[in-house]
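Read off the chains here:
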Amino acid sequence: MGAPGSGKGTQAELLAERLNFYYFETSKILEEKFNKAKENEFIKADGKKYFLKDEKNLWKTGKLCSPPFVTYLVMEKIKKLYKEGKSLILSGSPRTIYESQKIVPLLKQLYGINNIKVILINITPKETIFRNSHRRICELMRHPVLYSKETKKIKKCPLDGSKLLKRAGLDDPESIKVRLKEYKERTLPLMEHFKKEKLRTKEINGSPPPADVFKNILKAIKI
Ligand SMILES: [Zn+2]
């Protein structure tokens, strides 16, 4: 868990590689779904229809998609991965209490409560805005490259050599402010919810360089 720009994507990727877990990215699942969307396509969740073009509009302007829509897609994917025997790193999901009330019981049921660990990466709002407006992703695999002294001059993805791009729309300052507000109002209260669900949670300072944050996370998940 973490605000936009906290580096949770980078950390999730590092963890997935180190532990050989599946990196479960909700934003990628959404993006994939939107890119393949047919005219007037919808999914049905909780007895309601959710049209892909409406959801895509929410997402493009930095707002959260409808929780039942996201939850439906996420749960389908989790069940599929579990059947394939995979362990998961979730980044950016659950994002809302609604989503959490559905996803946490599913994860508990499939993987067992003792195998679920929650890490919150903390950074300040100022840092969030700065990092997001300087953030880039690679063209080929959408690897995130956060802005830092070490990365500011890099022109190609360190992992696959493809071009680094800015994400159109999502990383504009206005859009970032909306995402930050959504995060505070809807995502942050989730930590309380996780504690009530008796999940093990831990907060980590996201300000140090990614390699140091990573070491602290590895320590934290051993608890
Ligand atoms: Zn890449």
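Everything that follows concerns the structure shown earlier in this document.
Residue indices begin from 1 for each chain and proceed along its sequence in written order. Per-residue local features are limited, in this predicted model, to residues with pLDDT of at least 70; the limit for side-chain atom pairs, both in listing and counting, is 80 or more; totals at the level of whole chains, interfaces and linings are taken over all residues. Hydrogens and water are ignored here; the side-chain numbers use all heavy atoms of the structure.

Engineer: Teacher, can you tell me more about the coordination of the zinc ion here?
Structural biologist: Protein-derived coordination of the zinc ion comes from Cys 138 (SG), His 143 (ND1), Cys 157 (SG) and Asp 160 (OD), at a distance range of 2.0 to 2.2 Å. Atoms are scored as donors when they are N, O or S and lie within 2.8 Å of the metal, with 3.2 Å used for Na, K and Ca; no water is included, so coordination may look incomplete. Four donors are marked tetrahedral only if all angles between them lie between 85 and 135 degrees, whereas four are marked square planar and six octahedral if opposite donors are more than 155 degrees apart and the other angles lie between 65 and 115; the remainder are marked irregular. Bound by 4 donor atoms, the zinc ion shows angles of 94 to 120 degrees at the metal and therefore tetrahedral coordination geometry. One chain supplies every donor for the zinc ion, spaced along it as C-x4-H-x13-C-x2-D. Taken together, the residues His 143 in the loop between strand E6 (136-138) and strand E7 (144-145) and Cys 157 in the loop between E7 and strand E8 (164-165) connect sequence positions 14 residues apart. Three exposure classes are used, based on accessible area relative to the maximum for each residue type with a 1.4 Å probe and protein chains only: buried under 20%, partly exposed in between, and exposed over 50%. Look at His 143 and you get buried, because its relative accessible area is 13%. Secondary structure is summarised from DSSP: a helix means a run of H or I of at least four residues, a strand means a run of E of at least two, and numbering begins at the N terminus for each.

Engineer: Looking at this model, I keep getting lost on the layout of surface pockets. Mind explaining?
Structural biologist: Gaps left between atoms are located by rolling a probe of water-molecule size over the structure's atoms. Method remark: on a 1 Å grid restricted to protein atoms, a set of points is classed as a cavity if a 1.4 Å probe fits but cannot get out and as a pocket if it is open with protein on both sides within 12 Å along at least five of seven lines; lining residues have an atom within 4 Å of a point. Grid points are joined across faces, edges and corners, and a volume is the space filled by probe spheres set on the points. Approximately 770 Å³ is the volume found for the largest pocket. Contributing to the lining of the largest pocket are 29 residues, with Leu 88, Ile 89, Leu 90, Lys 117 and Val 118 lying nearest its centre. Every element with two or more residues in the lining of the largest pocket is listed here: helix H1 (8-19), strand E4 (88-91), helix H5 (97-111), strand E5 (117-122) and helix H9 (210-221). Top element by residues in the lining of the largest pocket is H1. It accounts for 5 residues. Within the lining of the largest pocket, the residues separate by chemical class into 20 nonpolar, 7 polar and 2 charged. Around the second largest pocket, the lining is made up of 18 residues, and of these Thr 10, Leu 14, Pro 144, Val 145 and Pro 158 lie nearest the centre. For the lining of the second largest pocket, the elements supplying multiple residues, two or more each, are H1, E7 and H9. For the lining of the second largest pocket, the element with the highest residue contribution is H1, accounting for 4 residues. A per-class count over the lining of the second largest pocket returns 11 nonpolar, 4 polar and 3 charged. Lys, Arg, Asp and Glu make up the charged group, whereas Ala, Val, Leu, Ile, Met, Phe, Trp, Tyr, Cys and Pro make up the nonpolar group; the residues left over, Gly among them, are polar.

Engineer: Is there a simple way to explain the side chain of Glu 13 in this structure?
Structural biologist: Here Glu 13 lies in helix H1. A polar contact of 3.4 Å, which involves the side chain of Glu 13, links it to the side chain of His 143. Two N or O atoms count as a polar contact when they lie within 3.5 Å, although within protein this holds only if one can serve as hydrogen donor and the other as acceptor, and sequence-adjacent residues are included solely when both atoms are side-chain atoms.

Engineer: Help me understand the pattern of salt bridges, please; the structure alone is not making it clear to me.
Structural biologist: For side chains bearing opposite charge, pairing can occur when the charged atoms are close. Salt bridge criterion: a side-chain nitrogen from Lys or Arg within 4 Å of a carboxyl oxygen from Asp or Glu. Scanning the model with the defined rule gives 10 salt bridges in all. Here Lys 102 ties to Asp 46 by a salt bridge, and the two come within 3.4 Å at their closest N and O atoms. Here Lys 102 is found in helix H5, whereas its partner Asp 46 is found in the loop between strand E2 (42-45) and strand E3 (48-51), with 56 residues between them in sequence. Judged by relative accessible area, Asp 46 falls into the exposed class, the value being 53%. Glu 185 is the salt-bridge partner of Lys 181, the closest N and O atoms lying 3.5 Å from each other. Taken as a pair, Lys 181 and Glu 185 lie in helix H7 (residues 173-187) at a separation of 4 residues, close to a single helical turn. One continuous salt-bridge network, built from bridges that share partners, spans Lys 80, Glu 84 and Lys 86.

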